[in-house]
Amino acid sequence: MMFSSSKIKSVDFYRKIPRDLTEASLSGAGLSIVAALAMIFLFGMELSNYLSFSTSTSIIVDNSSDGDFLRIDFNISFPALSCEFASVDVSDVLGTNRLNITKTIRKFSIDPHLRPAGVEVLFGPLLRLIKHGDEVDEGAVEAVEGAMPLNGTSFNKFSQLYPILVVNFYAPWCNWSFRLKPSWDKAAKIIKERYDPEIDGRILLAKVDCTEEVDLCRRHHIQGYPSIRIFRKGSDVREDHGHHEHESYYGDRDTETLVETMEGLVASIPTEKRKLALEDISNAIKRPAPLTGGCRIEGYVRVKKVPGNLVISARSEAHSFDASQMNMSHVISHLSFGKTISPQVLSDVKRLLPYLGRSHDKLNGRSFINHKDLNANVTIEHYLQVVKTEVVTRRSSREQTLIEEYEYTSHSSLAQSLQIPVAKFHFELSPMQVLVTENAKSFSHFLTNLCAIIGGVFTVAGILDSIFHHTVRLMKKVDLGKKF
């Protein structure tokens, strides 16, 4: 062998002292027990720290992986806005202006207590131009009075008397009502001549002035003027929610089209008035009328990541609205930004970061009600500032995103408006994002700390034992010196 065993032994750091040359002491035993307990305690603390989840937070420029567009999910109930005219619009500072979004939106009729009152409403506000008859002067308008004026009492009487009652709910101040008046009266006169109410008795054209018959119009959820309703006598007349089942007419408003439509209604009803008219008008001009005056709107829209507005309002290209009667009170069941996060994922991340997600859907369950204390024309505005939060883990060899979510702050107000009242959500995205990064724990660092704990406690305990031992010996020598 190149090296003898004696030479190898010369590099031994841990040379042994024969047991016969060592002496155990009671103080050394006590200090050893204390040192062992300290090692166990410090080991547990270090192990707990190694297994814990620690993070560091930083602010960086937004580097979202979801591109230039942001998704907004919402579920909002309007107890006083009819689905017939409810429109969801989006605009932004870059000039984008999308009106009446329907592809990703669903609407359901609700009653004033937010309870469902029917199936999904599959149509939206009328945005096409309606054909009207030739305009005439007011003298000519007054000369033709073919439509029967109705009030609350006569309406109930005639709706039970005629198989088909077609009513024009109008407001004298409304320009669209004024344009419809001559055509409606002419059509009513022609229909009266062809189908005499006293002899034939299958159809009657009537009109209701909503500025005078306010309760009657409210009972039938009239929010836009003019609104043409088709009431049918028979099995579909019911006293539920205080109204009859009926349909709304959305076709052209010239005399020729109106007369043609009314004749189509009459064609399927025999003179003896025993059958109901069924699908006799194209769905393009005839839709079910709203069962109630409220609407729940749910769905999502995609917007550019620039300041913009989400607006919900009453809209139509052929109706007028009385701003003093519009009430945009609403209850927000859900409003969030970004991709939908499953409750399970959010719950798992919250165990690590308890503060995360507190403002993800900050407006959920909030009610914004106009009690008419501010008079009329009240617009409800929400100002939302949106910030993205991203949680990144480094437990593997590369970074992995655990969750990306958008949180927002909100400030809301009720303000007077010169226009038709709306519910407006103004959103503004921060160009910065919050990056939460998990601090990786090194196993080698854990072992180093563990060795430092054991060696450090052992060394300190040895030093203390040595000091105590030498102090005791010195005191004994002093005592012996005093005796002699």
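Residues numbered from 1 in each chain as written. Predicted model: local features only at pLDDT ≥ 70, side-chain atom pairs only at ≥ 80, totals over all residues. Heavy atoms only, no water.

Visitor: Hey, could you run me through the overall build of the chain in this one?
Guide: Within the chain, the secondary structure is distributed over 9 helices and 21 strands. Within the span of the chain, comprising 484 residues, buried residues form 43% of the whole. Sequence separation of at least 24 residues holds for 83% of the intrachain contacts in the chain that already meet a minimum separation of 6. Per element, the accessible surface of the chain, about 27000 Å² overall, is 57% carbon and sulfur. (Helix = DSSP H or I, 4+ residues; strand = E, 2+ residues; numbered from the N terminus. Buried < 20%, exposed > 50% of the residue type's maximum accessible area, 1.4 Å probe, protein only. Contact = heavy atoms within 4.5 Å. Areas by Shrake-Rupley, 256 points an atom, 1.4 Å probe, with all protein chains shown as cover.)

Visitor: Looking at this structure, I do not really get the state of the cysteines. What am I missing?
Guide: By definition, a disulfide links two cysteine residues through a covalent bond between their sulfur atoms. A full pass over the atoms with the stated rule returns 2 disulfides. Two residues share a disulfide in this structure: Cys83 and Cys295, whose sulfurs sit 2.0 Å from each other. Across the S-S bond of Cys83 and Cys295 the torsion is about 100°, and the bridge reads as right-handed. Residue Cys83 is found in the loop between β2 (69-78) and β3 (86-92), and its partner Cys295 is found in strand β14 (residues 294-304); the two are separated by 212 residues along the sequence. (Disulfide = S-S within 2.5 Å.)

Visitor: Please clarify how the environment of Ile380 should be interpreted in this entry.
Guide: With respect to the element layout, Ile380 can be found in strand β19 (residues 378-393). In contact with Ile380, other than residues within four places in its own chain, are Met328, Ser329, His330, Phe368, Ser413, Leu414, Val422, Ala423 and Lys424.

Visitor: Mind showing me how you'd approach the nonpolar core here?
Guide: In summary, soluble globular proteins display a tendency toward joint burial of nonpolar side chains. Formed by 38 residues in total, the largest nonpolar core has its most connected members in Ile72, Phe74, Ile297, Val301, Leu310, Leu335 and Phe337. No other element matches β2, which puts 5 residues into this core. For Ile297, the residues in contact, after removing those within four places along its chain, are Phe74, Asn75, Ile76, Phe78, Ala86, Val88, Ile105, Arg106, Lys107 and Ile312. (Core = buried A, V, L, I, M, F, W, Y, C linked by side-chain atoms within 4.5 Å.)

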